[in-house]
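Descriptive structure summary
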Amino acid sequence: MDDRLDLLLTGVMPAILMVAVALTLLISLLLLHIYRRAVVRSMGRSSQVSSDASSQASSQASGQTPAEFAVATAVPSNQTLSSGDKTALYAHLLKAPWRQAVIYGMGGLGYAVVMSLALQLSFPGPIVPIQFLCTLLLYLWPTVIAFALVAASTRKVLTRLILAYFMGLIGVSFVADWMSGPTFIWMNLLLLWFLFNGPATALLLGCLHPRIRAVGPLVLTSLLFVVSGFLAFLFLIRSQDFLVSGVVLGASVSGQDAFLLLLGIAFCLSLVFVAPLGWGVLRWIRVGYEQKRISDQFLRLVSIGLLFSLVHSINLASMSGSVWILSGLPAFAVFLWISKTLLDRQGELSVHAGNGMNLLLLRVFALERRSEQLFQSLSLHWRHIGSIQMIAGPDLVKTTIEPHEFLDFVTGKLARRFIDGPQTLEQRLAESDLRPDLDQRFRVNDFFCYDDTWRLTLLSLLKTSDVVLMDLRSFSRQRAGCIFEINTLIHRVPVEQFTLLVDRTTDEAFLQETIQLAWQSQPPESPNTLKSVDTLQIFRWDSGASPLFALFRVLFGTTVPSANASPAKPA
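Residues numbered from 1 in each chain as written. Predicted model: local features only at pLDDT ≥ 70, side-chain atom pairs only at ≥ 80, totals over all residues. Heavy atoms only, no water.

**Section: empty space enclosed by the protein**
Taken as a whole and judged by the stated rule, the model has two cavities of 30 Å³ or more. Surrounding the largest cavity, Y104, G108, Y111, P142, T143, A146, L301, I304, G305, F308, S309 and F335 form its lining. Those elements that provide at least two residues to the lining of the largest cavity are α4 (83-121), α6 (141-151) and α12 (296-320). Ranked by the residues each element gives to the lining of the largest cavity, the list is headed by α12, at five residues. (1 Å grid on protein atoms, 1.4 Å probe; cavity = no way out; pocket = protein on both sides within 12 Å on 5 of 7 lines; lining within 4 Å. Points joined across faces, edges and corners; volume = space filled by probe spheres on them. Helix = DSSP H or I, 4+ residues; strand = E, 2+ residues; numbered from the N terminus.)

**Here we look at the packing of helix α17 (residues 454-463) against helix α18 (residues 480-492)**
Put simply, α17 and α18 touch, their axes get as near as 11 Å, and they point 35° apart. As for the relative orientation of α17 and α18, their crossing is right-handed in sense. Of α18, the residues touching α17 (which contributes W454, R455, L458, L459, L462 and K463) are G481, F484, E485, T488, L489 and R492. Tallied by class, residues from the contact of α17 with α18 come to six nonpolar, two polar and four charged. (Axes fitted to C-alpha atoms, helices over the stretch in contact; angles between N-to-C directions. Left-handed = near helix turned anticlockwise from the far one by under 90°. Contact = heavy atoms within 4.5 Å. Nonpolar A, V, L, I, M, F, W, Y, C, P; charged D, E, K, R; others polar.)

**Some words on the pairing of strand β1 (residues 359-363)**
In the case of a regular strand, side chains alternate between the two sheet surfaces. In terms of burial, β1 is largely enclosed, as five of its five residues are buried. Neither face of β1 is left uncovered, since the one carrying L359, L361 and R363 and the one carrying L360 and L362 both have all their residues buried. Pairing of β1 with strand β2 (residues 388-391) involves two bridges; the strand directions are parallel. In the sheet register, L360 faces β2, and the bridge partner there is Q389. In this sheet, strand β5 (residues 467-471) lies alongside β1 in parallel orientation, the contact comprising five bridges. Looking at β5, one finds that R363 is bridged to D471. (Buried < 20%, exposed > 50% of the residue type's maximum accessible area, 1.4 Å probe, protein only. Pairing = 2+ DSSP bridges.)

**Let's talk about the nonpolar core**
Counting 53 residues, the largest nonpolar core has I145, L204, I304 and F308 as the members making the most contacts within it. Those elements that provide at least two residues to this core are α4, α5 (129-139), α6, α7 (155-180), α8 (186-207), α12 and α13 (328-348). Of all hydrophobic cores here, the second largest spans 35 residues; its members include C449, L489, V495 and W519. (Core = buried A, V, L, I, M, F, W, Y, C linked by side-chain atoms within 4.5 Å.)

**What to know about the pairing of β2**
Across the two faces of β2 the burial is the same, with I388 and M390 and Q389 and I391 all buried. Taken together, the four bridges between β2 and strand β4 (residues 444-449) define a ladder with parallel strand orientation. Considered in β4, the bridge of M390 is made with D446.

**A word on α5**
For α5, a buried count of eight out of 11 residues is recorded, marking the element as mostly surrounded by other parts of the structure. For α5, the set of buried residues is I130, F132, C134, T135, L136, L137, L138 and Y139.

**Side note on the confidence of the model for the chain**
Counting all residues, the mean pLDDT for the chain is 77, and 75% of those residues have values of 70 or more. Counting contacts from residues 60-79, a segment whose pLDDT is below 50, to residues more than four positions away or on other chains yields 53 contacts. Predicted confidence is poor over residues 558-571, with pLDDT under 50, and the contacts of this stretch with residues over four places away or in other chains come to 36 contacts. (pLDDT = per-residue confidence, 0-100.)

**A closer look at helix α14 (residues 369-382)**
In this model, α14 (14 residues) spans 20 Å end to end at C-alpha, consistent with the 20 Å of a helix rising 1.5 Å per residue. Across the 14 residues that make up α14, a large majority, 10, are buried. Taken together, the buried positions of α14 are S371, E372, L374, F375, S377, L378, S379, L380, H381 and W382. (Expected span 1.5 Å × (residues − 1).)

**Here's the deal with unusual backbone geometry**
Residues other than glycine seldom take positive phi values, yet K292 does so here, at roughly 70°. Tracing the backbone through its elements, the reader meets K292 in the loop between α11 (258-290) and α12. Among the residues examined, K292 registers a relative accessible area of 9% and is labelled buried. The phi dihedral of Q440 falls on the positive side, at around 65°, and the residue is not glycine. In this structure, Q440 sits in the loop between α16 (422-431) and β4.

**A look at the packing of α14 against helix α20 (residues 548-555)**
One can describe the packing of α14 onto α20 by two numbers: an axis separation of 11 Å at closest approach and a directional angle of 60°. Taken together, the axis directions place α14 and α20 in an arrangement best described as oblique. When the axes of α14 and α20 are compared, the crossing they make is right-handed. Only L548, F549, L551, F552 and L555 of α20 make contact with α14, whose side of the interface consists of L374, S377, L378, H381 and W382. (Parallel < 35°, antiparallel > 145°, perpendicular 65-115°, else oblique.)

**With respect to the packing of aromatic side chains**
Using the criterion set out here, one finds 16 aromatic pairs in the structure. Measuring from ring centre to ring centre gives 5.5 Å for Y139 and F196, while their planes differ by 50°; the resulting arrangement is tilted. One end of the pair, Y139, is in helix α5; the other, F196, is in helix α8, with 57 residues separating them in the sequence. Taking relative accessible area as the criterion, Y139 reaches 0% and is therefore assigned buried. Grouping aromatic residues by their ring pairs yields a cluster made of Y90, W382, F549, F552 and F556. It is R443 that lies over the ring of Y289; its NZ or CZ is 3.6 Å from the centre. A cation sits over an aromatic face here: R455 above F484, 5.3 Å from the ring centre. (Phe/Tyr/Trp six-rings, centres within 6.5 Å; stacked < 30°, edge-to-face > 60°. Lys NZ or Arg CZ within 6 Å of the ring centre and 35° of its normal.)

**Let's talk about the pattern of salt bridges**
Enumeration according to the criterion identifies 14 salt bridges in this entry. For D296, the salt bridge identified is with R383, shortest N-O distance 3.2 Å. Here D296, found in helix α12, pairs with R383, found in the loop between α14 and β2; they are 87 residues apart in sequence, far enough to count as distant. Take D296 and R383: they sit in the same class, and that class is buried. A salt bridge links R540 to E508; its shortest N-O distance comes to 2.9 Å. (Salt bridge = Lys/Arg side-chain N within 4 Å of Asp/Glu carboxyl O.)

**Focus: the environment of V114**
By the secondary structure assignment, V114 is in helix α4. Since its relative accessible area comes to 23%, V114 is described here as partly exposed. In this structure the C-alpha to C-alpha distance between V114 and Y139, which are 25 residues apart in sequence, comes to 9.4 Å. The residues touching V114, leaving out its near neighbours within four places in the chain, are P330, A331 and V334.

Printed below as a string of structure tokens:
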């Protein structure tokens, strides 16, 4: 039985882990598909709000009730900032992701050191520094993934990061080859990298796809929790002679194979004790997220670290014996301790004041993948200086879902998230999370609206937003909702505080016509009545020129390259 158990732990368990990750992908896709359908179906329905409230929102935006008209942001932080403050804030926006990547990198380095020591100690003989360095680089691969998720906002940066890692790996292997003879060659080290990291990386990339990244860590963590429990019960039974004797006696009495009986007992114990505990962990994650003890990014990196610690433990056990099967747990604990300690220290030194600079993101809901790509790149940087607010739509509903929203959906409580009138809207605005998490990143506040409450929600969000970005790619005459939003922005928001984003898919002739009509119909109380339409900022998005940082400069009101931005011209 011992031989077959060793084979299970070192040969079959990797396959079980891969199945767990594959199940994460399938379950996440299925749940998010059902979630999106439920949200879209609710968005198309009307609420119980009175028609008077809905019509009042429309008339206020169009300027038909001047007596009730008010500028959207009475004290906009974007306008009170000096040019020096804007420059400092812009610099922080650019550097903050990399500073945070260094924090997780230090945690990943601690993980790699512990795993490298375990690998060196598992073989007889002294520790050879060059060998230790090679294994250290192998175990640093999860840290590279963490760097990519935390700081790589463009494909160019991601490519450079991966190339730098493999160049370092090959460079160290050549040094080892020169120092130790033909024992170390770069092809062998790359083969080891594939054995150590390849399969887990391939499946992990599927679980971290932007379309399921929001819930993938939750599902993966729960499944890995069950797998870890299965392993723990196997070792518990095997380590106690009286338990092994009981399994053998039970097998002889029942006529069953002792090894299969052991697996069945460990599996049943895992289901009975660990599965409920796993659900409890999910509820703990929800409470921790709501109380800001856990961030979405920290949860994502924890799930990655847990997966690689299990895979690396199994690899080590396959080479040095099953006694090393739990070696990844102390390494994972070191990663958590270092990362959490440094994040807490970062919080003590934080320069955040108040609620940060809030960005309202409006867009054409039909953009789908392009909306996801812009949102991921934008939020990776912006969330270090302020929150992002938006009205939930079918394009980003699967990307911006938060842990507590997902668990509300699973437990059948999604309907309470929808705004059905002014009172609910006031409650949702009061519940908006505008403070940074433990990693000093702000959150995304998405508002779920029925078909007749989104206009009312828009007017309220404008009052709490410092900057507005409206993505008008694929804008055309059929986008009546976007026409209402353009009119609302021009009538209610100072032109310096909002930017319209376009590309070749935008019907620019119709856009200019819409802008002109809105500008000419401004009520006297509009903050833009004495301004020229030429001051309205239209940013042209060129996907081939990495315009993300030029867009940031536009949003901060600083100098922008003329190739990317152009003022609105009269039709």
